[in-house]
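Coordinates in review
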Amino acid sequence: MILRTKISIYRNIFPYNFTPKLNSKEGEFLIQKIIYSFFKKNIIKKNEIKKKEIQKLKNLDLIEKNIPFHIKPKYFYLDDKKTILEINSKEHLIINIYDDGGLIEKLNTKITDLQNKTDLTFSYSKKFGFLTSDINLCGYAKSVTLYIFIPSLSLLNKTSEISENLKNFQIDLSGFFYNPNPYGFFKLRFIQKENDDDFKKRIENTLNMILSLEEKESKNYIHKNTLIFKDKVSKSLGIFKNAYIITIDEYFKNIMYILWGKKEGIIIDNETIENKFFNLINKKDNERAEILKYMKLSAKI
Amino acid sequence: MKCEICRENEVEIKTRAIINGKIKEIFLCRNCIKKYKIQTITKPKYTDYLKLLIEEISNKKSLICRNCKISYIDFVKNGNAGCPFCYMYFSKILEKIIDINPPLYHKAIEDLIYKKEKNGKNKILKKADIYLRFDDVDMAKKHLKMLKKIKENDT
């Protein structure tokens, strides 16, 4: 089950130093320069993201978390709110684009169109491609992150083995939201090093491998433990419907069984889940509320 | 057995020495050791490699990006480059690490100051033309000399 796809491109403006070595004057100038180039083409209006929202976006892994502290980055939404411009964070300009489900091709064309619209001169050399402060990214300077739900592989502790194997192909599989036990919520990160067609094939092959393995293991698990599985799903739904206070650990455990049950067709009750999500969002529990907002998206799929 | 250098005297010492950056076992006479001031190694083997390693590191220590002053050692340690020119200063080493067919883009650093003529040779553009190709003239002036130097060293 693919919950969300995020594509990011990392660009630096020539001939300025990369952000770790950028002084504050140049930083400010670059912000204005980049904003103006997007503003000129009517790509952004005054959609600067507020401070409060930035932390939320960081929690949701939609923008870079670790950035050089001496430069103040700026963040902008594009009209659809599913495209975020990061200026002076890890690189001079990072364009993040995301959507629910696995729409890699659609997002890819959208992000390249956006890049071509600007008249900025990016740091690019014929030998190394687009130059970035992180040498692992240089070349295409593009990454694709897929947020996937693989409960049975996670429950059977098979993800660490897959992750080790994928490292040989420079693919990163790690848990998101809640570590060390991510309860089936994983992200797959690919860094482009080959042409577009080969890159697509690499993503497709890896995804097929993981998702088919997940399906097989899920069927095996449910076949062997039908009653136990149904019981766990129903209990989790019961807790969700009636509990007033639950710990974050309990929350994730329950949500894993609910989504898994929904995926396998055991739960058809869509409304109750969504209503419950909304009720919990309204409570003053910021961290959980943010996660729940995200979960609501996944519950729709 | 005769000495490996003079081929006259009998071998008195079997030793290991660093020749052309590689550790080799050689058989020498005392005269040649004195004559050519060969440093004989009597310590355990790992020190030989350590010496080589130190030698290599000290050679690369001198590699510094003239623009952002980042050294090659820092660059490798952190995996972070300081500026686009780091890639040009460290290009010979980076070529061995980074194996990539980069995507096409119409504004390459190399093209910003050079123009290909009909005979295939690169000609440096006039200053005014170069400034036109940059968005920021002050920055262009600042970096123009450096770009030329890097290109001259490459050729």
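Residues numbered from 1 in each chain as written. Chains lettered and ligands numbered in written order. Predicted model: local features only at pLDDT ≥ 70, side-chain atom pairs only at ≥ 80, totals over all residues. Heavy atoms only, no water.

1. With respect to the overall build of chain A
The cut-off we apply is this: Strands here are runs of E lasting at least two residues and helices are runs of H or I lasting at least four, both read from the DSSP assignment and numbered beginning at the N terminus. Partly exposed residues are those whose accessible area sits between 20% and 50% of the maximum for their type, while under 20% is buried and over 50% is exposed, using a 1.4 Å probe and protein chains only. Residue contacts are defined here by distance: any two heavy atoms, one from each residue, within 4.5 Å place the two residues in contact. To be clear on the numbers: accessible area is Shrake-Rupley with a 1.4 Å probe, and residue cover counts the displayed protein chains and nothing else.
Secondary structure summary: chain A contains 10 helices and 9 strands in total. Within chain A, buried positions represent 55% of all 301 residues. Of all intrachain contacts in chain A linking residues separated by at least 6 positions in sequence, the fraction that spans at least 24 positions is 68%. By element, 51% of the accessible surface of chain A is carried by carbon and sulfur atoms, the whole surface being about 14,600 Å².

2. Things to note about the overall build of chain B
Assigned secondary structure in chain B consists of 8 helices and 4 strands. Seen in sequence order, chain B has helices and strands lined up from the N terminus as β-β-α-α-α-α-α-α-β-β-α-α. The buried share of chain B, reckoned over its 155 residues, is 35%. Excluding contacts between residues fewer than 6 apart, the proportion of contacts in chain B whose partners are at least 24 apart in sequence is 31%. When the accessible surface of chain B is summed, it comes to about 11,000 Å², and 51% of that surface belongs to carbon and sulfur atoms.

3. As for the interface of chain B and chain A
Under the convention used in this document: Take a side-chain nitrogen of Lys or Arg and a carboxyl oxygen of Asp or Glu: if they are within 4 Å of each other, that pair is a salt bridge. Polar contacts here mean pairs of N or O atoms no more than 3.5 Å apart (in protein, one a potential hydrogen donor and the other a potential acceptor; neighbouring residues in sequence count only if both atoms are side-chain atoms). Any residue outside Ala, Val, Leu, Ile, Met, Phe, Trp, Tyr, Cys, Pro, Asp, Glu, Lys and Arg is labelled polar, Gly included; the first ten of those are nonpolar and the last four are charged.
Of the residues lining the interface, 37 residues belong to chain B; the matching set on chain A comes to 31 residues. Taken together, chain B and chain A are joined by 0 salt bridges. At the surface where chain B touches chain A, the tally comes to 6 residue pairs in polar contact (both at pLDDT 80 or more). Mapped by element, the contributors of at least two residues to the side of chain B that touches chain A are helix 4 (84–89), helix 5 (91–97), helix 6 (109–113) and helix 8 (137–154) of chain B. Considering each element in turn, the side of chain B that touches chain A owes the most residues, 5 residues, to helix 8 of chain B. A breakdown of the residues in the side of chain B that touches chain A according to their chemical character gives 21 nonpolar, 7 polar and 9 charged.

4. Remarks on the pattern of salt bridges
Residue and element names in this part refer to chain A. For the structure on display, the rule yields 8 salt bridges over all chains. When the shortest N-O distance is used, the salt bridge between Glu48 and Lys74 registers 3.6 Å. Of this pair, Glu48 sits in the loop between helix 1 (24–40) and helix 2 (51–59) while Lys74 sits in strand 2 (residues 74–77), and the two are 26 residues apart along the sequence. Residue Lys90 pairs with Asp134 through a salt bridge whose shortest N-O separation is 3.6 Å. In this pair, Lys90 is assigned in the loop between strand 3 (83–87) and strand 4 (93–100) and Asp134 in the loop between strand 6 (129–130) and strand 7 (142–149), connecting sequence segments 44 residues apart. Each of Lys82, Asp99 and Lys106 takes part in one network of salt bridges that share partners.

5. Considering the nonpolar core
What counts, and what does not: To define a nonpolar core, start from buried Ala, Val, Leu, Ile, Met, Phe, Trp, Tyr and Cys residues and group those joined through side-chain atoms within 4.5 Å.
Counting residues in each nonpolar core, the largest one holds 52 residues, and the members touching the most others are Phe38, Leu93, Leu146, Ile148 and Leu188 of chain A. Broken down by element, the residue count for this core peaks at 5 residues, all from helix 1 of chain A. Tyr140 of chain A together with Ala81, Leu94 and Ile109 of chain B belong to the second largest nonpolar core, which has 25 residues in total.

6. Considerations on the packing of aromatic side chains
Residues and elements named next belong to chain A. Definition in use: Each Phe, Tyr or Trp ring, with Trp reduced to its six-membered ring, pairs with another whose centre is within 6.5 Å; inter-plane angles below 30 degrees give stacked pairs, above 60 give edge-to-face pairs, and intermediate values give tilted ones.
All told, the structure shown has 11 aromatic pairs over all chains when counted by the stated rule. Pairing Phe149 with Phe185 gives two aromatic rings, centres 5.0 Å apart and planes at 35°, and the pair type is tilted. With Phe149 in strand 7 and Phe185 in strand 9 (residues 185–191), this residue pair connects regions lying 36 residues apart in the sequence. For the ring pair Phe229 and Trp260, a centre distance of 4.8 Å and an interplane angle of 70° mean the geometry is edge-to-face. Here Trp260 lies in helix 8 (residues 248–263) and Phe229 lies in helix 7 (residues 226–242), a separation of 31 residues in the sequence. This pair shows no difference in class: Phe229 is buried, exactly as Trp260 is. The structure contains a cluster of three or more aromatic residues connected by ring pairs, namely Tyr221, Phe229, Tyr257 and Trp260.

7. Quick notes on the sheet that holds strand 1 (residues 2–11) of chain A
All names here are of chain A. So the rule is basically this: Note on pairing: DSSP must find at least two bridges between two strands before they are called paired. Fitted lines through C-alpha atoms serve as axes, helices being fitted only where they are in contact, and the angles separating the N-to-C directions of these axes extend from 0 to 180 degrees.
Pairing is antiparallel across the open sheet formed by 7 strands, whose spatial order is 2-3-4-1-7-9-8. Across the chains shown, the open sheet's two edge strands, defined by having one partner strand only, are strand 2 and strand 8 (171–175). On average, each strand axis in the sheet is tilted by 20° relative to the strand beside it, whichever way the strands run. Judged from the 7 bridges that link them, strand 7 and strand 9 form a sheet pairing that is antiparallel.

8. Details of the side chain of His92 of chain A
Here His92 of chain A is to be found in the loop between strand 3 and strand 4. Setting aside residues no more than four positions away along its own chain, His92 of chain A makes contact with Arg11, Asn12, Ile13, Tyr16, Asn17, Phe18, Thr19, Leu22, Leu30, Ile34, Glu86 and Ile87 of chain A.

9. Structural notes on helix 3 (residues 104–117) of chain A
Residue and element names in this part refer to chain A. Where we set the bar: Each helix should span, by expectation, one fewer than its residue count multiplied by 1.5 Å. The arc under discussion is defined with respect to the helix axis, by the directions toward the C-beta atoms.
Taking 1.5 Å per residue as the helical rise, helix 3 with its 14 residues ought to reach 20 Å, and the 20 Å between its terminal C-alpha atoms agrees with that figure. By the burial criterion, the buried members of helix 3 are Ile104, Leu107, Asn108, Ile111, Leu114 and Gln115. Buried residues along helix 3 cover an arc of 130° about the axis, so they all sit on one side. Of the exposed residues in helix 3, the ones pointing more than 90 degrees away from its buried face are Glu105 and Asn116.

10. As for the confidence of the model for chain B
Residue and element names in this part refer to chain B. Heads up, the rule is: The pLDDT score gives, residue by residue, the confidence of the prediction method on a 0 to 100 scale.
Taken over all residues, the pLDDT of chain B has a mean of 68, while the share at 70 or more is 48%. When pLDDT is averaged over each helix and strand of chain B, the minimum, 56, is found for helix 2 (residues 45–61) and the maximum, 82, for helix 4. Across residues 41–46, confidence stays below pLDDT 50; counting only partners more than four residues off in sequence or on other chains, it has 6 contacts. For this predicted complex, the interface confidence comes out at an ipTM of 0.75, alongside a pTM of 0.73.

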